[in-house]
Amino acid sequence: MRGKVRFAFWRQISDHSTFLAPVNAVFYLFSTLKRGAYIDASSFPELAPLKANWKTIRDEAMAVDAAQKIAAAENYGDIGFNSFFKTGWRRFYLKWYDNPHPSALALCPVTTRLLQEIPTVRAAMFAQLPPGASLVRHRDPYAGSIRYHLGLVTASSPSCYIEVDGEKYYWRDGEEVMFDETYIHYAKNETAISRIVLFCDIERPMRYRWAAAFNRAFSNVVLRAATSPNETGDRTGFLNRVFKYIYAIRRLGKRIKAWNRPTYYAVKWVLFGSIFAGIIYVL
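Residues numbered from 1 in each chain as written. Predicted model: local features only at pLDDT ≥ 70, side-chain atom pairs only at ≥ 80, totals over all residues. Heavy atoms only, no water.

Under an unreviewed UniProt entry, the name given to the chain is Lipid A hydroxylase LpxO, and the source organism is Paraburkholderia franconis. Per UniProt, the comment on the chain under Sequence similarities (unreviewed entry) is "Belongs to the aspartyl/asparaginyl beta-hydroxylase family." (UniProt positions renumbered as here; feature names shortened; annotations may be inferred.)

Right, here's the structure in full:
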């Protein structure tokens, strides 16, 4: 029910954000932020060094891009963003609810140092949206963070934009934007320039220490399990170690859907019903 833009009931009921709603409700209730899609970055003065050093960060991002390291995950190794790769989106992880990847420390020493000096930055990457690429409408499932983008290589054009809860923003070099990623959003690049931004998850500020502690503990367990490597030697979280097996079931579901849609939805809702029944039984 969040926002002006919403999914249809049956689309939302099976969305991953629905399953985290009981946890997210705690974060919404005790957050110090006002409700709304976009957030004033000046409320987070600790992020100022990122904008102040954007040209240095851009140089490191461009070097990583030149080495063709900003890339899609291989072998279904990124559970959090797997669906985005199909429409052209690419990434190079700097950190993900943990210490920086060894590959990031080697290639981006200044950027990783700046990020490590800001405790509220829980995750970060270089995110690329090549010409013609897009992101489908979606909600991020976890409300314990808010999203920060710093424009590094952009067209500075309304034709390369993100829309959050019906409000558009287009990236510009050296400029930052913050938004609540649990509102429905999507992005498109209809220019000839490959957009690169510094993409960060910033810890949502909470009113009480116990709520902040719960947020950090939850992310340290659940989000850290979704850590994805850039290359050999980087850490891989538990969820990504098993994701290729989970995705095999997903591929089977797609084949059933292509063969007979009513059968697909019948199986889907039987599985969902079994999960909910199991949860109720445990409780």
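Past the structure itself, the notes keep going.
A. Representation of the nonpolar core within the structure. The biggest cluster of nonpolar side chains holds 36 residues, and the ones touching the most others in it are F81, W89, W96, M125, Y142, I162 and W171. Breaking this core down by element, the ones donating at least two residues are α3 (21-30), β2 (90-96), β3 (121-129), β6 (160-164), β8 (176-179), β10 (195-203) and α8 (209-223). Here this core gets four residues from one element, more than from any other, and that element is β3. Not counting residues up to four positions away in its chain, the partners in contact with I162 are Y38, H149, E167, K168, Y169, W171, F179, H185, Y186 and A187. Core analysis: the second largest hydrophobic core is formed by 29 residues, F44, L152, C200 and I202 among them. (Core = buried A, V, L, I, M, F, W, Y, C linked by side-chain atoms within 4.5 Å. Buried < 20%, exposed > 50% of the residue type's maximum accessible area, 1.4 Å probe, protein only. Helix = DSSP H or I, 4+ residues; strand = E, 2+ residues; numbered from the N terminus. Contact = heavy atoms within 4.5 Å.)

B. Spotlight on the pairing of β6. With five of five residues buried, β6 lies mostly within the body of the structure. The side-chain alternation of β6 yields two buried faces, one formed by C160, I162 and V164 and the other by Y161 and E163. Note: β6 against strand β9 (residues 185-189), five bridges, orientation antiparallel. Bridged to E163 within β9 is Y186. One ladder, built from four bridges, connects β6 with strand β7 (residues 167-170); its direction is antiparallel. Residue pairing in the sheet places V164 in a bridge with E167 of β7. Here β6 folds back onto β7 in antiparallel fashion, the turn holding two residues, of which D165 has a positive phi close to 50 degrees. (Pairing = 2+ DSSP bridges.)

C. View of the layout of surface pockets. Reported here for the second largest pocket is a volume of approximately 450 Å³. Lining the second largest pocket are 22 residues, with A73, E74, P229, N230 and E231 positioned closest to its centre. Among the secondary structure elements, those contributing two or more residues to the lining of the second largest pocket are β2 and α9 (238-259). Here the lining of the second largest pocket gets three residues from one element, more than from any other, and that element is α9. Considering only residue class, the lining of the second largest pocket consists of six nonpolar, nine polar and seven charged. (1 Å grid on protein atoms, 1.4 Å probe; cavity = no way out; pocket = protein on both sides within 12 Å on 5 of 7 lines; lining within 4 Å. Points joined across faces, edges and corners; volume = space filled by probe spheres on them. Nonpolar A, V, L, I, M, F, W, Y, C, P; charged D, E, K, R; others polar.)

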